[in-house]
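# Structural features, examined
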Amino acid sequence: MVMRLFARFLSLIFHPIFIPFYAILFLVWLNPYAYGPLPVGFNDIIADPVGAMQFSFKWLFTSALSAAFVIRTVLLWTIFFPLFIILLMRQLDFIDSFTTADVRQRILMSIPVSCMLIWTLIVFYKNLPNDFYHDKITAIMLGTTIALSMAIIIMSVSEKISLHAMGMGGLFAVVLYATNIATFDISYFIMGALFLGGLVGTARLQLGEHKPREVYSGYLLGFLSQASALIFLVST
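How each quantity is defined
- Residues numbered from 1 in each chain as written.
- Predicted model: local features only at pLDDT ≥ 70, side-chain atom pairs only at ≥ 80, totals over all residues.
- Heavy atoms only, no water.
- Salt bridge = Lys/Arg side-chain N within 4 Å of Asp/Glu carboxyl O.
- Buried < 20%, exposed > 50% of the residue type's maximum accessible area, 1.4 Å probe, protein only.
- Helix = DSSP H or I, 4+ residues; strand = E, 2+ residues; numbered from the N terminus.
- Axes fitted to C-alpha atoms, helices over the stretch in contact; angles between N-to-C directions.
- Parallel < 35°, antiparallel > 145°, perpendicular 65-115°, else oblique.
- Left-handed = near helix turned anticlockwise from the far one by under 90°.
- Contact = heavy atoms within 4.5 Å.
- Polar contact = N/O pair within 3.5 Å; in protein donor to acceptor, adjacent residues only side chain to side chain.
- pLDDT = per-residue confidence, 0-100.
- Core = buried A, V, L, I, M, F, W, Y, C linked by side-chain atoms within 4.5 Å.
- Expected span 1.5 Å × (residues − 1).
- Arc of directions from axis to C-beta.

In this structure the tally under the stated criterion is 3 salt bridges. The salt bridge partner of Arg-90 is Asp-93, with a shortest N-O separation of 3.5 Å. For Arg-90, a relative accessible area of 27% puts it in the partly exposed group. The exposure class of Asp-93 is exposed, given its relative accessible area of 60%. The closest approach of N and O atoms between Arg-213 and Glu-159, which form a salt bridge, is 3.1 Å. Here Arg-213 is found in helix α10 (residues 212–235), whereas its partner Glu-159 is found in the loop between α7 (132–157) and α8 (163–177), with 54 residues between them in sequence. Exposure remark for Glu-159: the relative accessible area of 25% places this residue in the partly exposed category.

Right, here's the structure in full:
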């Protein structure tokens, strides 16, 4: 019972819809100065709790080409709007539940998410500076879009694939590639991402949601899609 509850908790926290946000947040955290200049007197501002809250609010909604723009775009278009659409689908009985095991319903839920990913990719491609750091952000959205599109095709013509494992494979690729921009040793983060991927995959097996090959194929698809996007987009 406890193991199943823990498996459900892991499945929720590392739901594939949250993975792009985690990946981008990790990159921004690694090198925040690369994603927008901080104002003069920043250290004095954050020393005061009230001033820190005011600064955070202003920064989140006024920094056009900064980490705030990236974070709020991902939150709105890859989490909030897809969840809202899926909620509507549930209310209209298009799907039986949010964790349905039916392949057709999984495909139905994945389609609006893929549309939101494509839109986010376009927004980043059109608005972010064309430099080494921001190209990684765009590459994450490209890799996620490719992975989900391929998963929809595979589920349509073949069998179910683990989207949770796919997300964790993509996250591992991002963390692995982040060694290029990290200003300190991130070996522990690489091992942590690999460990979490195994943990989430085990959780999906524990819940009986997938067969082992569906987890393996999902992880491989996510890793290869994200790694290919990062290598192609950042290196060109």
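Attention now moves to the packing of helix α5 (residues 67–91) against helix α6 (residues 103–127). Helix-helix packing is characterised by the crossing angle of the two axes and by the distance between the axes. It is at 9 Å that the axes of α5 and α6 come closest, and there the two elements cross at 160°. With respect to their mutual orientation, α5 and α6 come out roughly antiparallel. The way α5 lies across α6 gives a crossing that is right-handed. Of the residues in α6, those touching α5 at Phe-69, Val-70, Thr-73, Val-74, Trp-77, Thr-78, Phe-81, Pro-82, Ile-85, Ile-86 and Met-89 are Leu-108, Met-109, Pro-112, Val-113, Met-116, Leu-117, Trp-119, Thr-120, Val-123, Phe-124 and Asn-127.

Relative to each other, helix α2 (residues 19–30) and α5 sit at 175°, their axes nearing to 10 Å. The orientation of α2 with respect to α5, classified from their angle, is roughly antiparallel. Mapping the contact onto sequence places Pro-20, Phe-21, Ile-24, Leu-25 and Val-28 in α2 and Ala-67, Val-70, Ile-71, Val-74, Leu-75 and Ile-79 in α5.

Take the side chain of Thr-78 next. Of note, Thr-78 is situated in helix α5. Of note is the side chain of Thr-78, whose polar atom sits 2.5 Å from the backbone oxygen of Val-74.

Glancing now at the confidence of the model for the protein chain. A residue-level look at the protein chain finds 83% of positions with pLDDT of 70 or above and a mean pLDDT of 83. The low-confidence segment residues 59–64 (pLDDT under 50) makes 12 contacts with residues lying over four places distant or belonging to another chain.

Our focus in this paragraph is the nonpolar core. Judged by nonpolar contacts, the single largest core of 59 residues is most densely connected at Ile-24, Leu-27, Val-70 and Phe-124. Of all the elements in the fold, those that place two or more residues in this core are α1 (2–13), α2, α5, α6, α7, α8, α9 (187–206) and α10. A total of 10 residues in this core trace back to one element, the largest contributor, which is α7. Sequence-distant contacts of Phe-124, defined by excluding residues within four places in its chain, comprise Ile-24, Phe-69, Val-70, Thr-73, Val-74, Ile-137, Thr-138 and Met-141.

On to α1, then. The terminal C-alpha atoms of α1 lie 16 Å apart, and with 12 residues this matches the ideal 16 Å at 1.5 Å per residue to within 8%. Among all positions in α1, only Ala-7, Leu-10 and Ser-11 are buried. Along the axis of α1, the buried positions cluster into a sector of 100°, meaning they face one direction only. α1 presents Val-2, Leu-5 and Leu-12 as exposed residues on the side facing more than 90 degrees away from its buried surface. Tucked inside the fold, the buried residues of α1 contact α8 and α9.

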